[in-house]
Amino acid sequence: MNGKQSAIEIVKTLRERGHQAFLVGGCVRDLLLGREPADYDVATNAVPTEVMKIFPRTWAVGAQFGVVLVPVPEEEGCESSAENPQSHHHGCIEVATFRSDGVYTDGRHPDAVRFSKDPREDVQRRDFTINGMLLDPLPGDEVIDYVGGRADLQAKIVRTIGDARRRFTEDKLRMLRAVRFAARFGYEIEAATMEAIRELAPQVGVVSHERVRDELTKMLTEGHARRAFELLDDSGLLQEVLPEVAKMKGVKQPPEYHPEGDVWVHTLLLLEKLPENCSATLAWGALLHDVGKPPTFRIAPDRIRFDRHVEVGVKMTEELGRELRFSSDELEQVSALVENHMKFAEVTRMRES
């Protein structure tokens, strides 16, 4: 049974027991765009204890937030999620109770949640209008849209639900998600939403390094890395999350080798060539291959020079990789790409072996 069928079965079962239930969030957006959703989420007025009574095998990964994972039949992928709920719940459907969130003192999670019986209240706490629609899969596919998500999908706009400053203040990671969705779908970030990001960008530091790394890796590997990094720059987030990359702007290069322009433009051109679903290590290697140029820039009598920029770049990559909590294997691969990127220029002079 595939994810969609399983999600519909869960909706059906919850309704047979007298509860409300809908598909919600990113899967609804993707279905409306004709894309295959990566995973399916169900929202219901049944509280976690009721959900766990109805479905014999479940994992209460976030029961305090109303989230229960229900495995998809004949799929074994969910077991790993049971041991490690952080590994995304492939092979499971996330069933979440309608809720409204209390205050967020840490800029990441609500201090308390209040379960709700009202789906309209539930969607008001979500991040963007395009992610805030519900779908009633029974009997036909009826979209329930309290937030104007359909209109924004058609207009190709990423807009927060409700007040942008409030949404981003609650969860600072949403600023990076706004950029990722805009890049992934080729959408614009709505003006008030962008204004709020520019204002709150300096606060993105409260988000854990791992979460920042994961968002950036998705931006780099979803096939629209150049656009993502232009938006990061435009929104003021680049300076906060990757100051080393922001420093590439305006660093001139010798025109005879680099007619395209400065180090930043050169790096964007490379990001543009990254294929969708490329490996994370290749993508990070592409981003950081010239990270050593800004600190080593000098104008010599004959031309612009970047003495030892490769060595310096490797060192900077290692520091950044540790800060972003790369695994040692990933860090080794990314550093190797940075270390060896100049060798390609020598290919014509190398022996075939």
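Here the structure is a predicted model, which means the values were calculated and not measured. (Residues numbered from 1 in each chain as written. Predicted model: local features only at pLDDT ≥ 70, side-chain atom pairs only at ≥ 80, totals over all residues. Heavy atoms only, no water.)

A. How the structure looks around the pairing of strand E2 (residues 41–44). Alternating positions in E2 separate into two faces, Asp41 and Ala43 on one and Val42 and Thr44 on the other, with burial throughout. Pairing between strand E1 (residues 21–24) and E2: 3 bridges, direction antiparallel. Within E2, the residue paired with Ala21 across the bridge is Thr44. Both E2 and strand E5 (residues 92–97) contribute to a ladder of 4 bridges, which runs parallel. Its bridge partner lying in E5, Asp41 is registered against Glu94. (Buried < 20%, exposed > 50% of the residue type's maximum accessible area, 1.4 Å probe, protein only. Helix = DSSP H or I, 4+ residues; strand = E, 2+ residues; numbered from the N terminus. Pairing = 2+ DSSP bridges.)

B. Looking closely at the pattern of salt bridges. In the structure shown here, the tally under the stated rule is 25 salt bridges. Asp233 serves as the salt-bridge partner of Lys249, at 2.9 Å between the closest nitrogen and oxygen. One end of the pair, Lys249, is in the loop between helix H13 (243–246) and helix H14 (263–272); the other, Asp233, is in helix H11 (residues 225–235), with 16 residues separating them in the sequence. A salt bridge links Arg298 to Asp307, with the nearest nitrogen and oxygen atoms 2.4 Å apart. For Arg298, a relative accessible area of 39% puts it in the partly exposed group. In this structure, a network of salt bridges that share partners links the residues Arg166, Arg167, Glu170 and Arg174. (Salt bridge = Lys/Arg side-chain N within 4 Å of Asp/Glu carboxyl O.)

C. Expanded view of the layout of surface pockets. Counted as a void, the second largest pocket has a volume near 580 Å³. The wall of the second largest pocket is formed by 21 residues, among which Tyr257, His258, Lys293, His309 and Met342 lie closest to the centre. At the level of secondary structure, the elements contributing two or more residues to the lining of the second largest pocket comprise H14 and strand E13 (304–306). Looking at side-chain class alone, the lining of the second largest pocket contains 9 nonpolar, 5 polar and 7 charged residues. (1 Å grid on protein atoms, 1.4 Å probe; cavity = no way out; pocket = protein on both sides within 12 Å on 5 of 7 lines; lining within 4 Å. Points joined across faces, edges and corners; volume = space filled by probe spheres on them. Nonpolar A, V, L, I, M, F, W, Y, C, P; charged D, E, K, R; others polar.)

D. How the structure looks around helix H10 (residues 209–221). In a regular helix each residue adds 1.5 Å, so 13 residues correspond to 18 Å; H10 covers 18 Å between its end C-alpha atoms and thus fits that length. Of the positions making up H10, those classed as buried are Val212, Arg213, Glu215, Leu216, Thr217, Met219, Leu220 and Thr221. Where H10 is buried, its residues meet helix H8 (173–185), H11, helix H12 (237–241), H14 and helix H15 (280–288). Two residues or fewer past H10, Gly223 is found with a positive phi of approximately 95 degrees. (Expected span 1.5 Å × (residues − 1). Contact = heavy atoms within 4.5 Å.)

E. The arrangement of the sheet that holds E5 in detail. Taken together, the 7 strands give an open sheet; going across it, the order is E3-E4-E5-E2-E1-E8-E9, and neighbouring strands pair in mixed fashion. The open sheet is flanked by strand E3 (59–62) and strand E9 (142–144), the only strands paired with a single partner. Strand after strand, the sheet turns through a mean of 35 degrees between neighbouring axes, direction not considered. Examined bridge by bridge, strand E4 (residues 67–71) and E5 share 5 bridges and lie antiparallel to one another. Paired with Val67 across the two strands is Ala96, which belongs to E5. (Axes fitted to C-alpha atoms, helices over the stretch in contact; angles between N-to-C directions.)

F. Broad picture of the confidence of the model for the protein. Taken as a whole, the protein shows an average pLDDT of 91; of its residues, 91% reach a score of 70 or greater. Note that pLDDT drops below 50 for residues 80–88; the model gives that stretch 9 contacts with residues more than four away or on any other chain. (pLDDT = per-residue confidence, 0-100.)

G. Seen up close, the environment of Leu69. Mapped onto the secondary structure, Leu69 falls in strand E4. Classification of Leu69 by relative accessible area gives buried; the value is 2%. Residues Leu69 and Thr58, 11 residues apart in the sequence, show an inter-C-alpha distance of 5.5 Å.

H. Quick look at the environment of Glu276. Structurally, the position occupied by Glu276 is in the loop between H14 and H15. Judged by relative accessible area, Glu276 falls into the exposed class, the value being 56%. With sequence-adjacent residues up to four places away left out, Glu276 is seen in contact with Thr221, Glu222 and Gly223.

I. Highlighting the packing of helix H9 (residues 191–200) against H11. With their axes 9 Å apart at the nearest point, H9 and H11 run at an angle of 65 degrees to one another. Taken as axis vectors, H9 and H11 run roughly perpendicular relative to one another. Facing H9, whose interface residues are Met194, Ile197 and Arg198, H11 presents Leu231, Asp234 and Ser235. Along the lines of polarity and charge, the residues of the contact of H9 with H11 split into 3 nonpolar, 1 polar and 2 charged. (Parallel < 35°, antiparallel > 145°, perpendicular 65-115°, else oblique.)

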